[in-house]
Structures are given as C-alpha cells and as structure tokens.
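# Coordinate analysis (summary)
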Amino acid sequence: MLDFFTIFSKGGLVLWCFQGVSDSCTGPVNALIRSVLLQERGGNNSFTHEALTLKYKLDNQFELVFVVGFQKILTLTYVDKLIDDVHRLFRDKYRTEIQQQSALSLLNGTFDFQNDFLRLLREAEESSKVRAPTTMKKFEDSEKAKKPVRSMIETRGEKPKEKAKNKKTKGGKKEGFDVPSTTSKTVPAEKSVGAENGVELSKEELIRRKREEFIQKHGKGLDKASKSTKSDAPKEKGKKAPRVWALGGCANKEDLDYSAPTTNGSPEVAPPEDINLIRGTGPGGQLQDLDCSSSDDEGAAQNPSKPSATKGTLGGMFGMLKGLVSSKSLSREDMESVLDKMRDHLIAKNVAADIAVQLCESVANKLEGKVMGTFSTVTSTVKQALQESLVQILQPQRRVDMLRDIMDAQRRQRPYVVTFCGVNGVGKSTNLAKISFWLLENGFSVLIAACDTFRAGAVEQLRTHTRRLSALHPPENHGGRTMVHLFEKGYGKDAAGIAMEAIAFARNQGFDVVLVDTAGRMQDNAPLMTALAKLITVNTPDLVLFVGEALVGNEAVDQLVKFNRALADHSLAQTPRLIDGIVLTKFDTIDDKVGAAISMTYITSKPIVFVGTGQTYCDLRSLNAKAVVAALMKA
C-alpha cells in the first residue's frame with residue numbers, strides 16, 4: 001500500500017499528487033530534495049527517510065521528478081514497474097503542456113491524472129500477486145521411475161551407456177572410419193547370454209562391448225601414427241652470435257659509462273633549487289585555500305613550448321572518446337563508453353570503487369534524456385556534469401564556521417569544545433597543535449585536554465606542543481593572559497572524566513576553546529568505540545572532528561561508516577551524537593590522487609573543515625573544492 005505518489009518539476013512546482021495512507025508528503029520529499037537531488041547523489045534511486053522508503057525517477061528531457069513513498073517495512077515488488085508506467089503515460093498525455101517550459105502555463109494547467117493512476121496501480125498490484133505454489137512431482141511421474149531396474153545396475157569395470165555412446169561417437173569421428181554395426185564374430189542370440197559377477201548380459205550389451213574393444217584397439221594405433229610425425233629439418237649445431245637489436249641498448253663499453261661528467265677534474269654539480277616555504281595561515285590568522293597543483297603542472301608552466309606527451313598521444317582522459325553529436329537526446333548507450341573510462345579514472349585517483357560506480361550512475365541518471373546542442377560532444381557533456389557533481393559533493397549542506405561559533409559561545413560565557421577522534425597514526429595530536437596555532441593567531445585562548453591516556457608519550461607530545469605554542473604567543477604579548485595551557489591527569493585514567501574536568505577548568509579560568517585529544521582506535525574495536533561514545537555523550541562537545549589521512553582509498557569509507565555506526569550504537573542518548581566534520585591529513589603526500597576527499601564527503605555528507613599539508617604549525621589549509629576537482633579530473 002502506497003503512502004503517496006507525487007510528480008513535480010525540477011523548479012519546484014507540484015503538478016500532481018496522490019495521497020494514500022500518509023496525510024502529507026512535504027517532509028519526506030523535501031528531505032529527498034535536500035539530501036539527494038541538490039547534493040548530486042542520484043546513483044541510487046531509493047532514499048530512506050525515517051519510516052518511509054522513497055523511490056524516484058528523473059525525466060531530464062522535460063525536467064520532471066516522479067516520487068513514490070511507502071513504508072520501509074513493506075516489500076512492494078511492483079513499485080519499479082508502477083513508476084515506469086506512470087512516467088511513460090504522464091509524459092505522453094501532457095507532452096504539450098510540459099513542453100511550453102513556462103511556470104505560468106504549468107500553474108494554470110490541469111493535470112487530471114487520478115483515474116489513470118488508479119488504473120495503473122491496480123494493474124501493477126495484480127501483476128505482482130503471488131502465484132499458487134506448484135504441486136511437487138511424484139516419483140511415479142518422473143523419468144527415473146520409467147527405467148527398468150536392470151538399466152540402473154552398474155557392474156564393476158562397466159561404464160554407463162551414455163558415456164560409452166559419447167566415447168564411441170567421438171572416437172569414430174576422430175579416427176575417420178565407420179564402426180560396423182555387426183561383426184562376423186557375433187554370438188548367436190541363444191548363446192549370447194553370459195555371466196559376469198553373477199549378472200546376465202543381454203545381446204545389446206555384448207555388441208556394445210565388442211564395439212568399445214574395436215575402437216580402443218584400432219584407435220590407439222592411429223593416435224601413435226599421428227603423433228609420430230616430426231619435422232626432419234636438421235638442427236644447426238654450434239653457438240650463435242648474440243643478436244643485436246636496433247633499440248636494444250649499448251654495444252660498446254663507452255656507452256655503459258654513466259659517471260658524472262667532470263670539469264677540470266671535479267664533477268659538475270647541479271645548481272640548487274630554490275625552496276619556497278608556503279605558509280598556511282596568512283596575516284590575521286586566515287586560512288589559505290588548498291593548492292592541488294603538482295610538480296608536473298609547474299614544469300609545464302615553466303616550459304610552455306615543450307609538448308605534453310600525454311596530451312599529444314591520448315588527448316587527455318577523454319581524447320579517444322570524442323564524437324560529434326547532433327541535437328538529440330542522450331541515452332545510456334551513448335554514455336556507456338565514456339562512463340566506463342571515467343569510472344576507471346576515478347578509481348585510479350584513489351576514489352573508492354563503490355563510490356566511483358555511484359558517481360557515474362548519478363551522472364547517467366542526470367543526463368539520460370537530456371537534449372544536447374549541435375556542436376556538443378558526449379564526452380564534454382558528461383565531463384562537465386561530473387565536475388559539477390563533484391564540486392557540489394565537496395560543498396555539503398552544513399558548513400562549519402568555527403570562528404563564528406566560538407564568538408557565539410563567548411557571548412554565552414562558556415568554552416567552545418572540540419573533540420578529535422580517528423584511527424591510530426593519522427596525526428590527531430599534530431593537527432590539534434596546528435589548529436591551536438590557528439586559533440591563537442585569531443586571538444582565542446586554548447586549553448588542550450590530554451585524554452589519550454593509553455599511548456605512551458601522548459601526554460609528553462602535547463606538553464612539547466604547548467611549550468612551543470606558548471613561546472610563539474607568550475602571556476606578555478596578551479596583557480599577561482595565558483593563551484595556551486595543557487590539562488593533564490597522567491596515564492591510565494578515564495578519558496571521559498578528564499574531559500569533563502578540563503571543560504569545568506576552562507569555564508572557571510575563562511578559556512575560549514577546549515581541544516580534546518583522544519586515543520587512536522580501530523573502527524572494529526568495540527570496547528574502545530564504547531569508551532569514545534561515552535566521552536562524547538557525557539561531555540556533549542560542540543564539534544566532533546574525525547581525523548583521516550588522504551592516503552587511504554576504500555579504507556576511508558569503512559572507517560567513517562563504522563565510526564558513525566559505533567557512535568550511534570554505543571551512545572546512551574536518545575539522539576546520538578555523530579561526526580560533524582573531517583580533518584584530512586597528509587595531503588602533501590598524494591600529488592593529484594585526491595580521491596579520499598571525495599570518498600569521505602560522499603559517504604557522510606560532512607564537510608572537510610581543515611586540510612593538513614605538512615609538519616609545521618603553518619601547514620593548515622581550508623578545502624578549495626574547485627582545485628580538488630581540477631586535480632581529480634586531470635589526466
């Protein structure tokens with residue numbers, strides 16, 4: 001039983017709606033628009049909202065969306081057929097009104113589709129009715145029951161008749177002679193009954209055995225004759241001279257000398273390259289945008305006259321697939337080859353395989369049925385659609401603005417609390433120190449809570465960072481106010497209790513921000529994930545940041561999904577607190593393989609708040625979505 005079925009344009013005008021069990025479809029449809037359609041996540045045509053399952057279909061030619069909703073506990077097999085039939089009939093019936101492409105005409109138009117929809121719904125329900133189970137066949141009705149008992153008895157050394165028959169046919173064809181149907185040594189009918197192991201043999205079985213003996217006797221001789229043919233060409237004796245290939249390397253020992261050339265007896269030394277230190281924080285503590293240009297791009301910019309081998313031979317990623325298309329509607333067959341190439345390219349750029357498939361499927365759904373221009377190519381159209389989708393994915397619904405939220409917390413006279421979590425070795429403590437430096441540059445005081453009471457040296461590491469940050473921002477430069485302080489209780493203590501005491505200490509001492517460092521843990525470790533969920537539930541931080549490294553591909557999806565699931569399962573609150581944002585570390589080690597950023601934001605719909613690009617306090621960036629997409633699409 002359906003809750004609702006609605007048809008609306010991509011501009012937001014509802015053309016027709018059917019209300020079933022549900023009183024209103026506004027909430028689920030708005031959630032579908034916000035979470036799927038606007039975020040370019042159309043790889044799957046199903047969406048779950050609370051207790052409802054929504055299935056949708058896009059008509060890109062007429063800019064329409066067809067949505068059906070039903071209870072997710074139900075298994076309705078006819079929904080896909082129903083939505084296809086409704087789409088086809090509605091488009092054909094009201095083609096004239098829809099093609100006017102005018103909002104006023106759509107508002108004034110009357111779409112009387114109720115009777116047609118009820119008829120299609122009734123037909124779909126009848127076609128999906130469960131058929132009566134077929135009665136089981138009895139043994140008397142089977143083929144095995146019709147065979148005599150003698151035919152099912154196998155004697156030792158005897159092969160079944162089917163195998164012997166196949167062998168006889170195969171042997172006769174292979175050797176090229178016919179097997180005689182009768183032989184001169186056939187035993188008369190009255191004397192053709194023998195005894196073997198106490199079982200009588202009939203006349204037909206004796207004839208079959210004689211045929212097998214005949215085939216085996218004459219077939220082996222022919223096989224030996226055919227295998228004995230060998231080439232009579234005499235072999236050349238003696239050792240041949242080594243063959244020298246035209247492009248096979250060096251022939252003289254002088255060519256093998258790779259020592260450095262010398263000038264006046266001393267080897268020539270290449271001039272040292274200039275090393276430019278790019279600082280992550282500009283004047284006033286502002287974060288610079290992430291620059292994804294690689295060394296190859298810099299070399300191409302310095303030598304513009306040098307032709308690119310990749311562009312010259314392949315013409316980029318899509319150079320081999322370009323084909324001019326006249327004004328026509330795009331179909332999946334037109335885009336299949338381009339999407340396959342695109343999917344492989346995304347996977348090579350470190351995008352998770354499942355997400356690469358979903359991205360290509362989303363682009364196909366977005367472009368299917370869309371009319372192209374006269375001089376547009378399939379490749380350029382698909383590439384442009386993918387770029388727009390990737391930029392939209394890297395700009396999720398909620399944008400984290402820490403500075404604004406900290407100032408809001410100051411007006412309420414309470415500290416702003418940030419909790420860092422992640423797996424082992426991703427750089428939580430190092431990037432916590434970078435964020436502390438960024439906050440100090442913006443004039444906020446920071447209290448660091450050492451809640452990693454498990455790893456040896458964790459407290460000492462934070463103590464060293466605190467001492468160096470204090471040297472960069474001494475109290476005398478801020479009117480005697482301590483700008484950064486470490487709150488520690490040693491090892492082996494309860495992390496949730498230490499965090500609670502640190503927040504109370506920051507409130508009493510007037511610190512603006514509390515940064516809570518937690519121990520690294522694997523996503524499959526249930527006791528440690530329970531402890532993390534307890535820390536977050538008890539202290540209710542303002543921001544929960546997941547720290548992940550840019551080196552991982554499919555593992556990034558697994559980590560984020562299981563961290564969110566563990567926080568939800570082990571939380572004591574009715575509405576569990578999940579991850580709010582991502583800190584992407586080690587971004588300076590991946591060149592242009594930036595797929596981890598796409599994988600993390602796609603799977604969680606959470607923004608990447610900070611990007612770590614080095615080992616100094618200044619190596620902190622904000623994510624530039626267009627630069628990341630440009631690096632991702634580069635061949």
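In this report, we go over the structure that sits alongside the text. (Residues numbered from 1 in each chain as written. Predicted model: local features only at pLDDT ≥ 70, side-chain atom pairs only at ≥ 80, totals over all residues. Heavy atoms only, no water.)

## Focus: the nonpolar core
Stated precisely, the cut-off is as follows: Put simply, buried Ala, Val, Leu, Ile, Met, Phe, Trp, Tyr and Cys residues joined by side-chain atoms within 4.5 Å make one nonpolar core. Burial here depends on accessible area, computed with a 1.4 Å probe over protein chains only, as a share of the maximum for the residue type. Under 20% is buried, over 50% is exposed, and the range in between is partly exposed. When checking whether two residues touch, look at their non-hydrogen atoms; a contact exists if any pair is within 4.5 Å.
Counting 111 residues, the largest nonpolar core has V382, M402, L439 and F610 as the members making the most contacts within it. The residues touching M402, leaving out its near neighbours within four places in the chain, are Y416, V418, W438, L439, L543 and F610. One finds I7, V68, L76 and I98 within the second-largest nonpolar core, a separate group that totals 26 residues.

## Considering the state of the cysteines
To keep it simple, the criterion reads: The disulfide definition used here is simple: a pair of cysteine sulfur atoms within 2.5 Å.
Counting across every chain of the model gives zero disulfides. C25 supplies the cysteine sulfur nearest to C17, a cysteine that is in no disulfide, at a spacing of 3.7 Å. Given a relative accessible area of 28%, C17 falls into the partly exposed group.

## Focus on the pattern of salt bridges
Any two side chains of opposite charge can pair, on the condition that their charged atoms come close. Convention followed: Between Lys or Arg on one side and Asp or Glu on the other, a salt bridge is scored when a side-chain nitrogen of the former is within 4 Å of a carboxyl oxygen of the latter. Secondary structure follows DSSP: runs of H or I at least 4 residues long count as helices, runs of E at least 2 residues long count as strands, and numbering of each begins at the N terminus.
In the structure shown here, the tally under the stated rule is 28 salt bridges. Residue K57 pairs with D84 through a salt bridge whose shortest N-O separation is 3.7 Å. Taken as a pair, K57 in strand 4 (residues 52-59) and D84 in helix 2 (residues 79-93) lie far apart in primary sequence, 27 residues in all. On the accessibility criterion, K57 (27% relative accessible area) is partly exposed. Accessibility expressed as a relative area gives 30% for D84, which makes it partly exposed. In this structure, K349 and D592 form a salt bridge, with 2.6 Å as the shortest nitrogen-oxygen distance. Remark: D592 occurs in the loop between strand 16 (581-585) and helix 19 (595-604) and K349 occurs in the loop between helix 10 (332-348) and helix 11 (353-367); sequence separation between them is 243 residues.

## Comments concerning the side chain of T613
You can see T613 is positioned in the loop between strand 17 (608-612) and strand 18 (620-622). Assessed through its relative accessible area of 15%, T613 is described here as buried. Excluding its chain neighbours within four sequence positions, the residues that come into contact with T613 are L290, K434, F587, D588, D619, L620 and R621.

## What to know about the sheet that holds strand 18
The following threshold applies: Here, strands pair whenever DSSP counts at least two bridges between them. Every axis corresponds to a line fitted to the C-alpha atoms, with the helix fit spanning only the stretch in contact, and the corresponding angles, defined between N-to-C directions, vary from 0 to 180 degrees.
Here we have nine strands laid out as an open sheet, ordered 10-18-17-16-15-11-14-12-13, and mixed in their pairing. Of all the strands in the sheet, just strand 10 (288-289) and strand 13 (484-487) have a single pairing partner and so form its edges. Pairing analysis gives five bridges linking strand 11 (residues 416-421) to strand 14 (residues 513-517), with the strands arranged parallel. The residue bridging V417 from the neighbouring strand is V514, located in strand 14. Those strands touched by helix 19 are strand 15 (543-549), strand 16 and strand 17, and its axis lies near 165° from that of strand 16.

## A look at helix 18 (residues 554-569)
For an α-helix, the turn length of 3.6 residues means that residues three or four places apart are oriented alike. Quick reminder of the rule: Every helix has an expected span of 1.5 Å times one less than the residues it contains.
Over its 16 residues, helix 18 runs 23 Å from end to end, which matches the ideal 22 Å to within 8%, given 1.5 Å per residue. All of the buried residues along helix 18 are A556, V557, Q559, L560, F563, N564, A566 and L567. Elements that come into contact with the buried residues of helix 18 comprise helix 11, strand 11, helix 17 (526-539), strand 15, strand 16 and helix 19.

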